[in-house]
Every structure is written in C-alpha cells, then in structure tokens.
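Chain by chain, the residues:
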Amino acid sequence: MIETRDLLKRHGGTTVLEQLSLTVPEKALTAIIGPNGAGKSTLLSLVSRLMPMSAGQVLVGGCDVATTPSDALARRMAILRQDNQSALRLTVRDLVGFGRFPHSKGRLHAEDLRHVDEALAYLQLEGLAERFLDELSGGQRQRAYIAMVLCQGTPCILLDEPLNNLDMAHAVNMMGLLRRAVTERGKTVVMVLHDINFASCYADHIIALKNGRLAIAGTPAEVVQDEVLSGLYGIPVSVHEVQGRRLCHYFG
Ligand SMILES: Nc1ncnc2c1ncn2[C@@H]1O[C@H](COP(=O)(O)OP(=O)(O)OP(=O)(O)O)[C@@H](O)[C@H]1O
Ligand SMILES: [Mg+2]
C-alpha cells in the first residue's frame, strides 16, 4: 500500500535519508525500528507530506503523494507526530473532534459525533472527555492524541512512538487495540517503536533504519535476531524464544 522509491532527504548540506526504497504491506502492522537519529520520524513525515522530500517518490495506494490533493491525502492517511504541540486549552472531546475535519470541514454532523464517541470509548477516555489537555497526565494526553488520529477513519494510520508515556498495561492495551484495528477493520498501521519486544510480538513486518538507510526489512523472525539487533544498535543483544515469542535481552 505504501511504497517509497529512492527517497532522499537533505537538511542543508546534510543527508538524513537516502536510497530508501521500501514497501509497507497493506492491512498489516509494520514497526519501524532503529537508533535515535536513524531517520524514522523523517520517513513518516515524508510519507505523509508533512515535510517535502529532496528526491524520490512515495506512493500510497498507487497514488503519488507529491501530486495527491491534500483533502484526498487526509482521507487516506492520518499521522500521530512524535511531538504533539496543539493548544493545550482544548478539551479531549474537542481534540478528537478535530480528527473529523477532513470529513466535516469544521461542522460536526451526527456521523462525525458518532465517530468521536466511538474513538473516546475505544481509548477508554469517556471519563476524561470534558477535561482540558493540560489537565491530563502525559499518558492520558497521548491516548487523547491517538483517539484523534483513529477518529479520522483513514485506511492508513502512521504513529510515531505511540507508546510514549504509556505504562506497561496501557502499552499492551494500545498494541492489542492497534492489532485489532488491522485484523478486524483491515487498517494499515505503521508505527515507530523503540521497544523491540513489542515489535517482535505484535508486528507482521519490521523495517529497520540506520544512518538514514534501510538496514533490514522482514518478518519479526527475520529481524529479531542477535546479530541483526547487535549490529543495528551497537550493543550486545541476545534473543530468546519464550512461549513461542522472540524476546530480546540487552542489558546487564
Ligand atoms: N530540521 C532539521 N535540520 C537538520 N537536521 C535535522 C532536522 N530534523 C532532523 N534532523 C536530523 O535528521 C536525522 C534524522 O532525524 P529523525 O528525527 O528522523 O530521527 P529518528 O530516527 O526519528 O530519531 P528518534 O528515535 O530520536 O526520534 C537526525 O540526525 C536529525 O538530527
Ligand atoms: Mg523520531
């Protein structure tokens, strides 16, 4: 569904992403991993056209992102940025309602309100719906932003570090919920993750970046390997199979 061809991004004279040709499978959960500064957020920003590319091409559902009208793109994909900086004097319900903008153009109809209520319920935010964002904890606020993204009802969802600020229970819950969005609703979910064990247990496909290039892409069984992860992060990593799942151990 998403394909990049020879994608290149320069900031001034510095190349931060190059020769990036990859395919993100449709109706699957793809995790993007790699060290800090590898280019993960840059990749999501280029795919969603939040940032212009220096060269190359991005195709989403066969359409060239560079020439797709903004409203068509907004109905096709939604993105959660790594650093959300919306006005905090906004209620959770209003924030989630903003997610309907590509459909409602500002005036929420009954159908939009139904989507808002559904997203609030999906993220277990009903009790916080009337609270202002600056009255929430970091994890609660993160869930509100994710509700806003899901409320857009797009077939493709890009999430940059969605587990930030979530405790282990909410992180597991969030991964389960995104997994169901793929399996039950046929969504294409692409998420940047630092926790390799979550990528290993929940993703169908993993893309690893290093120094602005593709390091490896494949199934969790192909990517979650001692040598691959040790090479990617530059520290010793050992992978163990526990109850059929590949988990990595990387400290001590
Ligand atoms: N506006 C900018 N000007 C110059 N360099 C930039 C700019 N934005 C990002 N970079 C550089 O581009 C590289 C890739 O950044 P990016 O944010 O994509 O990394 P990342 O993989 O998302 O890292 P992290 O895990 O820390 O979020 C980094 O070296 C970063 O310093
Ligand atoms: Mg990033």
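Look up: the structure comes first, before these words.
In this report, we go over the structure that sits alongside the text. Nothing here was measured: the structure is a model prediction, and the numbers come from that model. Position numbers for residues count from 1 along each chain, tracking the sequence in the order it is written. Starting at A for chains and at 1 for ligands, labels are handed out in the order in which the entities are written. Two thresholds apply to this predicted model, a pLDDT of at least 70 for residue-level local features and 80 or more for giving and counting side-chain atom pairs, whereas whole-chain, interface and lining totals are computed over all residues. Derived side-chain values reflect all non-hydrogen atoms in the structure, with water molecules and hydrogen atoms excluded from consideration.

**What about the pairing of strand β9 (residues 205-210)?**
When a strand is regular, its side chains alternate between the sheet's two faces. Let me state the cut-off plainly: Classification of residues uses two cut-offs on accessible area relative to the type maximum, computed with a 1.4 Å probe and protein chains only: under 20% is buried, over 50% is exposed, and between them is partly exposed. Runs of E in the DSSP output that reach at least two residues are strands. Runs of H or I that reach at least four are helices, and both are numbered from the N terminus. A pair of strands is labelled paired if DSSP reports no fewer than 2 bridges between them.
In terms of burial, β9 is largely enclosed, as 5 of its 6 residues are buried. As paired elements, strand β3 (residues 29-33) and β9 share 4 bridges and run parallel to each other. Looking at the pairing, Ala 31 lines up with Ile 206 of β9. As paired strands, β9 and strand β10 (residues 213-218) are joined by 5 bridges and run antiparallel to one another. Among the inter-strand pairings, Ile 207 is bridged to a residue of β10, identified as Ala 217. Counting the residues in the hairpin turn of β9 and β10 gives 2 residues, including Asn 211, whose phi is positive at 50 degrees.

**Description of the sheet that holds strand β7 (residues 156-160)**
Strands in a sheet are paired, the pairing made by backbone hydrogen bonds, and the direction either parallel or antiparallel. Basically, it comes down to this: Here, axes are lines fitted to C-alpha atoms. For helices the fit covers the stretch in contact, and angles between N-to-C directions go from 0 to 180 degrees. A contact between two residues is defined here by any heavy atoms of the two lying within 4.5 Å.
Taken together, the 6 strands give an open sheet; going across it, the order is β6-β7-β8-β3-β9-β10, and neighbouring strands pair in mixed fashion. Of all the strands in the sheet, just β6 (77-80) and β10 have a single pairing partner and so form its edges. This sheet shows a mean twist of 15 degrees between the axes of neighbouring strands, independent of strand direction. Bridge analysis of β7 against strand β8 (residues 188-192) gives 5 bridges, and the strand direction is parallel. Its bridge partner lying in β8, Leu 158 is registered against Val 190. Strand contacts of helix α7 (residues 168-183): β3, β7 and β8, with the helix running at about 150 degrees to β8, the strand carrying the most contacts. Most of the contacts of helix α10 (residues 226-233) go to β9, to which it runs at about 35 degrees, and overall it touches β3, β9 and β10.

**Description of the coordination of the magnesium ion (ligand 2)**
This is how the line gets drawn: Only N, O and S atoms count as donors, using a 2.8 Å cut-off from the metal and 3.2 Å for Na, K and Ca, and because water is excluded some sites may appear unfinished.
Taken together, Ser 41 (OG) and Gln 82 (OE1) make up the protein donors of the magnesium ion (ligand 2), found 2.0 to 2.1 Å from the metal. In this pair, Ser 41 sits in helix α1 (residues 40-47) while Gln 82 sits in the loop between β6 and α3 (92-98), placing the two residues 41 residues apart along the sequence. Overall, Ser 41 belongs to the partly exposed group, its relative accessible area being 24%.

**Some thoughts on the packing of helix α5 (residues 110-122) against helix α6 (residues 138-151)**
Our working rule: Just so you know how the angles are binned, under 35 degrees is roughly parallel, over 145 roughly antiparallel, 65 to 115 roughly perpendicular, and the rest oblique. Should the near helix be turned counterclockwise from the far one by less than a right angle, the crossing is left-handed, whereas a clockwise turn marks it as right-handed. For this classification, Asp, Glu, Lys and Arg are treated as charged, while Ala, Val, Leu, Ile, Met, Phe, Trp, Tyr, Cys and Pro are nonpolar and the rest, including Gly, are polar.
The geometry of α5 relative to α6 is characterised by a closest axis approach of 9 Å and an angle of 140 degrees between their N-to-C directions. The pairing of α5 with α6 is recorded here as oblique in orientation. The two elements α5 and α6 cross, and the hand of that crossing is right-handed. Seen from α5, the contacting residues are His 115, Val 116, Ala 119 and Tyr 122; seen from α6, they are Ala 147, Leu 150 and Cys 151. Broken down by class, the residue content of the contact of α5 with α6 amounts to 6 nonpolar, 1 polar and no charged.

**A word on the pattern of salt bridges**
Operational definition: What counts as a salt bridge is simple: a side-chain nitrogen of Lys or Arg found within 4 Å of a carboxyl oxygen of Asp or Glu.
This structure, assessed with the given rule, holds 12 salt bridges. Between Arg 213 and Glu 18 there is a salt bridge, with the nearest N and O atoms lying 3.3 Å from each other. Taken together, the residues Arg 213 in strand β10 and Glu 18 in strand β2 (residues 14-24) connect sequence positions 195 residues apart. Given the relative accessible area of 25%, Glu 18 is considered partly exposed. Within this structure, Glu 111, Arg 114, Glu 118 and Arg 185 form a network of salt bridges that share partners.

**Quick word on α1**
α1 sits mainly inside the fold: 7 of its 8 residues count as buried. Listing the buried residues of α1 in full gives Lys 40, Thr 42, Leu 43, Leu 44, Ser 45, Leu 46 and Val 47. Just downstream of α1, Arg 49 is the residue with a positive phi angle, here 60 degrees.

The values are spatial; any link to function lies outside them.
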